[in-house]
Structures are given as structure tokens and as C-alpha cells.
Amino acid sequence: MALLEIENLVVEFETASGPFRAVNGVSMKVHEGEVLAIVGESGSGKSVSMLAAMGLLPWTAKVTADKLTFNGRDLLSMPASERRKIIGKDIAMIFQEPVASLNPCFTVGFQIEEVLRVHLGLDKAARRKRAIELFEAVGIPDPADRLGSYPHQMSGGQCQRVMIAIAIACNPKLLIADEPTTALDVTIQKQILDLLMKLQADHGMGLIMITHNMGVVAETADRVVVQYKGRKMEEADVLTLFENPKSNYTRALLAALPDNATGDRLPTISELFVDDQVEGAAR
Amino acid sequence: MSQAAATSAVSTDPSRRARLAEFWYYFSENRGAVIGLVFFIFLVLLAIFAPLIAPHDPTQQYRDAVLVPPVWQEGGRADFLLGTDAVGRDMLSRLIFGTQFSLFVGVIVTTLSLVVGVVFGVIAGYFRGWVDTAIMRVMDIILAFPSLLLALVLVAILGPGLVNAMIAISLVYQPHFVRLARAAVMSEKTRDYVVAAKVAGAGHARLMFKTILPNCMAPLIVQATLSFSSAILDAAALGFLGMGAQPPTPEWGTMLAEAREFIQSKWWVVTLPGVAILITVLAINLMGDGLRDALDPKLKRS
Amino acid sequence: MSVILEARNIVRDYHVPGSLLKKAKTVHAVKGVSFTVEKGKTLAIVGESGCGKSTLGRILTLIDPATSGDLLIEGKKIDIAKGDMTPEMRRKVQIVFQNPYGSLNPRQKIGDILTEPLVINTDTPADERRDRAMTLLKKVGLEEKHYNRYPHMFSGGQRQRIAIARALMLNPKLLVLDEPVSALDLSVQAQVLNLLADLQDELQLTYVFISHDLSVVRYIADEVMVMYFGEAVEYGSRDEVFADPKHSYTKTLFAATPRADVESIRARLARKKAA
């Protein structure tokens, strides 16, 4: 059975210039122990669709779907209190800006222990022991000392490690990583990706990697969903996608990578891909 | 990300109108603000056309009609709709002419403190260092006094009168504008477009007033509307204390002061100017809230 | 080949003033960097955040002075701390910033943004300024009708084109590009890189291209300098550096860059299966 199942998800926002459809009929499935990458450029609705699935969008957003289930349970009809019990425990999320996603007023130790207290109800000593274990697991040196640090005393990479530690604190079944390395340097990105892949393999959890970087996709994913302007353009396993992309959009995206440049000029997406049918449907 | 798509949708229409439409969209979401705006426009019209609208001369004393109650009360007379005061002047006409003084006070005080405050604030925020310290310490000293007390002291030194009261009040309001402008300039100063203007060769004056200042106006406009209402209130308070407009000027605060002795017996002489002050200040404050909703990007919902 | 830009042992220190409990200290952001760039070539400065590459960019663009060292533009020594900043010097170097959303004044129309450098530095009449702005708008792939619009009506890629047009208004010899494509989507990135390459050919421009993205650098650069904690640890032609990196940091950097080719995906999947 699929862990997360989304069918025909539509998200609309009310804006000053009328309703805006950010996600337009997206369907996907994530299985246990699988790494799914959602790749797309800005405006493709890749983050919005995941936030919608987790119920984290502001009230101006209208979310509808034919099916939106986690582990067989319907997320849409579930009361908000039920949903909160699942989110943070069985589904965890990490974000692009690690320093901004941590509360600057509290120590990182307090923040990780809070999650353990709320979701697992551990007592004080057990919480501290588990927090140290988690920091060790994500590769933070001197874990016992670092628990007392504030987010601003740590580097971006370290903060992202803390975020990952908080995310895996309750052994989630599904981890959603929204551009987890975009704000980080390449060498740090490599470390964080390696860490995520190791944790994913060790815990056998499902991992959704939202990214715009084809390199990150190539280095992590099992299966890939390509989104463009709120629509799913293609879904394929990673090798097929890079070797033999079906949709013109994916082909154009791959050709625009500077690594693949053959001559003096880079082929641009607009030369290879005409999006009139998508443009017409999205409006 | 929805922002990128929205801008591409907007980029086909002419700019200023779209911006205005967006402003109106956020402003009109706040119903109180629209009511405030309507009432404010009504007041402005009243002030401009006061000589045409008012049924009597505001200083004309009708000896035969002293302390006549409003028309709906027993003893009221149809030619004095809201009654007359202790020397037989028509209340309605005095209230209508009073809007002229109140709006005049608001406009002058706000412009004066806005202009001077912005100049000092921009200079302090732009140059920092000792210039900043000097300006801000002076502002801290002004802020350390209770505002009405300081205004009173200043009027006592300058001599009572509406003009002196306005100067005193604008001086008291100065620090708020200086602080706001300084904070806004400090946050804008490091933005890339300022550096880009510097690379283009722009000098200090151009950077301060042409490049940075237009981007700092939103909080200042909001503060200006709120000061507008406080200025009216403070001018009325000074008038009440006998330090503002002098009789027989039909200024609302002065009217209140003259009516003090009738507070128990003749309600309309006291209540009506008070109500006029109340709803004017309320309307402008409501409008200021709406402006903040529309201009402050932090409160904007995506 | 004439040398447009020469830097000799550029050093930049920041003094962090002390307080009651802390001692004042000095941060060395750039520790003695030297290089030359020839006319019509591109020097890429590569490094991670905090390595001093943007500080160096600001020194080259004459925004901040260097603490010590010599900067020569077309063989003429220039030191803005001594105040030899003239409009002629100003016109020779221009910059394009990373974030196109922050680098255009939101209250100015595109036309005003473009003509501002001319208004400040020259006494060109208004209609000539307008003509020049129109020409450049078209050159960077925009249209004349965009002249009277505000920046917020443009997408990120279009804004970056406007920023490039503004940088070219004064006919500079040298353009410092501070991460010009890293805030852009992949498809737009390709368009802007193509535009930069075309402009370089057409106008004989010299670029200093600051970036952290090795794949972009490999595509656009003639020479590459790798910076690490304020020092230039590797400096050479693109092919030399990419084929045979000398310094261990450069090697780490190359190894960390994700690879998007089919062979490396195959290898990864095979490793995963074996594990």
C-alpha cells in the first residue's frame, strides 16, 4: 500500500487579481522506503502541493482532491486535531532556510525536546538522552554541549542538521524535504544529502525531495515527478527520466543544464518547448 | 511563487492604474476604513464650503436667543438647529467653521513634523555615526517629556494662539517621524538597488532623497494620518486649557472651554463640540488603519 | 592582448569594534589576491559563502576601498580611499547583482533606472538618453513598450536583463557579475548566460564572473580562480583547473558538485542495490 496517495489535487489562492490556481490536478504516490523527487521551476506548485497535503497552507487557499490519504487514512476529512497528531510524528518536514525554520529565542536542545515531549510524552531524562542520540545520528559534534546552543550560534549546515534531527525524532514514516540544500554551499549540500540518504535507508522511511536542482535529483531519487505551472508533466524512475525523457518539457530542462552544453550556446527551454496548451489550461 | 505568476499576469496592463486598483482592493477590505474615508471627505467638503453651508455667521451674537436648546427639544427654534451658546451664537455654524480650524491644524502640524522629521531621520539613518547620535539624543530628550506638558510649556514661552500651538505640537510630534524615517532608511540603505545607484555615481543627496526616501514612505504616510488625528486632539486640549485658539474663534477645544460652566445644565453647549472632536478623530484613525493594511507589505496576504 | 584589470595583492580587513566584554578584532575577508584579466575574457571567481568573493567583487567595482594592494584598470592605478574617483573611472566598471528583485529600485520606472547613470555622469540630452536606453532594452531582449513600466511587473529573468542593460548604459569596459544567474530558474539561467555570451562577443566586454556554481563557471569562464577563506587557492585557465585541480579544497569542491549524467546515476543505483 502506498504511504501517501494524492489524486487530482487542486489548490487555488484568492488574490487581488482574482483566483490563482497554483496546483492543477496533480496525482502521485509515495511508497515506504522510496525516494520520490518532485522537480520543477519556481511557480510549478511543487512546494504548494506538499504543504496542501500537510494542511499547512493559509486560509486563503482552497484545497480539493479526489483522494488524499496517508497510510490509508483520509487527510482531508480528518479533524484538524487528528491531523496535527500525524504531522510532526508520522510525517515530518524540513525546509529551505534552516536558520529561519528554528525559533531564535530557544536553544536547539529545547526545540528538539519539545517535539519529543509533545509527540512521545517522554520524561525529562529520557528526552535528553534521546536528543543526544539524535544529534549523534545527524553528525553534530559534541552533542551534549550543542544542545545548549542557540540557532544563531550555529552555521547553516549545522542548523539543517538540527532540523533533520527534529524531523526524525519520532521515527516518521514519511519525510518531506523542501529544497533542503538550496541555501547551503555545495560541500555542505553533499554532506546533508548523504546524511538524508543514509537516514532514509536506515529507517526505511519514505522521502519526498522537493527541488529545482537536477543534480540533486540525479544524486538522490528513485522516482521523479516533473511539475510545470501546477501540472504534472512526467513521472518516471530516475534513470529513464535522464536517459529517455518522455515529455518535451523534461527534455528542454535537461538540455538547459550548463553541464550538457555542447556548443557555444545553451539551448533554452522556450526554443525546445512550447507551453500553449498548459498556459491555456492553467488560466 | 504565486507572486511570480501574478506579476506576469499584471504586466500586460498599464502600471499606475493596476497599482491603484491593488491599493483599493486591500483598503476596501477594511470596512471601517472606508467609512472613515467617507466621513473624512465629508469633513473636507464641509470645511471648504463652510461659508456657504453655515446658516449664520459663527461670531454673530443673537441677544434674543441666548442658550436656546436644539430644535427637537422643548424651547428649540427652527433657525438654530443645534441651539445657541451662552452669548447667543449659533452652535451649528460654529461647529461647521470649527472643521476649518481642526483640519487646518491637522494639515499644518502633520506637514511640518513630517517634512522636518523626514529630513532629520533620513540624514541620521544614512550617515549614522556622530550625526545619528546627536540627532537621536535630541529626539530622546523631546520624547522624555509628556507630550501635552511639553506643548504647554512651549506655548507658554511662545505665547498663546493657534499658530504657536501648531508649532509646539509639531515639535512634540517630530521624534516619531525621525525614528520611523531613520529605521526605514537603515533597512533600505543596504539593499542592492542603492548600491547600484552608488555604482552609477549618485551622490549623497540623490541617494538619500531620490533613491531611498520614496521606498520608505509607506510607514510614514500611516504615521502621518495617525498624527493628523492626534494633532487635532492636542490642539483642542490646548484650546481647552486656554493656550490654543483664542475666543471668539470657533475652535472646538476653545468652545468646550467656554462652555465649562454649563456642563451640568445645558448639555448641548458641551457635548456637541466634544462629539465633533470624537468622531473626527475616530474617522481619521480608522482611515489610518486601512492605509496601514494597504501599504504595509508585512500585513499583506499572498 | 591588452590587460583591462590587474589586481596586485589586494587585502581587505574588517574591524569589528570591541565592547565592554569583547576585545576588538580584525577579520581578514580578502588576504592578498592577485590576478589579471585580458580584454574580452572572462575570469570566474569561485568559492563558497564567506570566502570573500563578493567582498572582492565590491572592491573591483570601486564600491569599497581595499585595505592594501593595488588595483589597476587599463593600466591606471586607482584608489577610491584617496578620492581619485572620477566619472571617467566610474564609467569603466559596472556591476550586476545576484538578486534581481533587490537590485532595481521599485519606485522607479525602467526608463528612469536605465537613464539614471547617464543623467548623473554625462550631460547627454534627454532624447539621446532615451534612444540609448531603447537600444539597450532591445539588445537585452526586451521591448520598447517596457520603457515606462515598473520593475514589479517583470519576472526574475526579465529584471536581470534590465540590470544588465543598466550596467551597459555607460559603455563600461569591465562588468563584474556577482552570481548573476543563481537566483534564476534553470530555463531562464540558460537565456541570461546566452545573452551575456552574445554581449561579450558584440561589445568586447571583459567579465569578472563571481559564482559558486561550477557547472556555470565551466560553461562561461576562460580563467578560473578558486577562493577559500579569503585566499586564492587555485588560479589558472579553465581547462587546467577543471582537468587537473591542484589544491585539496578544489578537489573537494569538484567531488561535492552533484552530477546529472546517466553514468553517475547508474553507478549510484548499483551502489544502492549492493548495499
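All figures in this text were calculated on a predicted structure; none of them were measured in a lab.

## Overview of the UniProt feature "transmembrane region" (unreviewed entry) in chain B
All names here are of chain B.
Moving on, step 1. UniProt annotation of "transmembrane region" (unreviewed entry) refers to residues 33-54, 101-127, 147-173 and 265-288 when read in the numbering used here.
Moving on, step 2. Taken as a whole, residues 101-127 contains 100% helix and 0% strand, while its terminal C-alpha atoms sit 39 Å from one another.
Moving on, step 3. End C-alpha to end C-alpha, residues 147-173 measures 8 Å, and it is 89% helix and 0% strand.

## Details of the interface of chain C and chain A
Moving on, step 1. Opposite the 29 residues of chain C that make contact, chain A presents 36 residues.
Moving on, step 2. Between chain C and chain A the total buried area reaches about 2,900 Å² when both faces are included, carbon and sulfur atoms providing 58% of it.
Moving on, step 3. The largest contributions to the chain C side of the interface with chain A come from C:Leu186, C:Pro258 and C:Arg268, which together make up 20% of the buried area.
Moving on, step 4. Summed over the shared surface of chain C and chain A, the result is two salt bridges.
Moving on, step 5. Its salt-bridge partner being A:Asp222, residue C:Lys272 comes within 2.9 Å of it at the nearest N-O pair.
Moving on, step 6. Here chain C and chain A share 13 residue pairs in polar contact (both at pLDDT 80 or more) between them.

## With respect to the sheet that holds strand E8 (residues 206-211) of chain C
All names here are of chain C.
Moving on, step 1. Judged by pairing direction, the sheet is mixed, and its six strands sit side by side in the order E6-E7-E8-E3-E9-E10 without closing on themselves. Across the chains shown, the open sheet's two edge strands, defined by having one partner strand only, are strand E6 (93-96) and strand E10 (231-237). Here the strands of the sheet are splayed against their neighbours by 15° on average, with no regard to which way each runs.
Moving on, step 2. Where strand E3 (residues 42-46) meets E8, five bridges bridge the pair, whose relative direction is parallel. Looking at the pairing, Leu43 lines up with Val208 of E8.
Moving on, step 3. Strands E6 and strand E7 (174-178) of the sheet are contacted by helix H5 (residues 156-168), whose axis makes an angle of about 175° with E6.
Moving on, step 4. Each of E3, strand E9 (223-228) and E10 is contacted by helix H9 (residues 248-256), which is oriented at about 100° to E9, the strand it contacts most.

## What about the pairing of strand E1 (residues 4-15) of chain A?
Residue and element names in this part refer to chain A.
Moving on, step 1. By the criterion of burial, E1 is predominantly enclosed, with nine of the twelve residues buried.
Moving on, step 2. Of the strand pairs in this sheet, E1 and strand E5 (residues 67-70) are connected by four bridges, and their pairing is antiparallel. Bridged to Glu7 within E5 is Lys67.
Moving on, step 3. In terms of strand pairing, E1 meets strand E2 (residues 18-30) through ten bridges, oriented antiparallel. Looking at E2, one finds that Glu5 is bridged to Lys29.
Moving on, step 4. Where E1 meets strand E4 (residues 61-64), four bridges bridge the pair, whose relative direction is antiparallel. Counted as the bridge partner of Val10 is Thr64 from E4.

Rules used in this analysis
As a convention, each chain's residues are numbered from 1 in the sequence order in which they are written. For this description, chains carry letters from A and ligands carry numbers from 1, given in the order in which they are written. With the structure being a predicted model, the display of local features is reserved for residues of pLDDT at least 70 and the display and counting of side-chain atom pairs for 80 or more, all residues being used for whole-chain, interface and lining totals. Only hydrogens and water are set aside when side-chain values are computed; all heavy atoms of the structure are taken into account. UniProt positions are given in the numbering used here, feature names are shortened, and annotations may be inferred rather than shown by experiment. By definition, any uninterrupted DSSP run of H or I lasting at least four residues is a helix, any uninterrupted run of E lasting at least two residues is a strand, and each is numbered from the N terminus. Contacts between residues were defined by any pair of non-hydrogen atoms, one from each residue, lying within 4.5 Å. Note: buried area is the sum, over both parts, of the accessible area (probe 1.4 Å) each one loses when the two are combined. The rule for a salt bridge is simple: a side-chain nitrogen of Lys or Arg has to be within 4 Å of a carboxyl oxygen of Asp or Glu. For this analysis, a polar contact is any N or O atom pair within 3.5 Å, provided that within protein one partner can donate a hydrogen and the other can accept it, and provided that sequence-adjacent residues contribute only side-chain to side-chain pairs. Note on pairing: two strands pair once DSSP finds at least 2 bridges between them. Axis angles are defined between N-to-C directions and span 0 to 180 degrees, where every axis is a line fitted to C-alpha atoms and, for a helix, only to the segment in contact. Burial classes follow relative accessibility: with a 1.4 Å probe on protein chains only, a residue under 20% of its type's maximum area counts as buried, one over 50% as exposed, and anything between as partly exposed.

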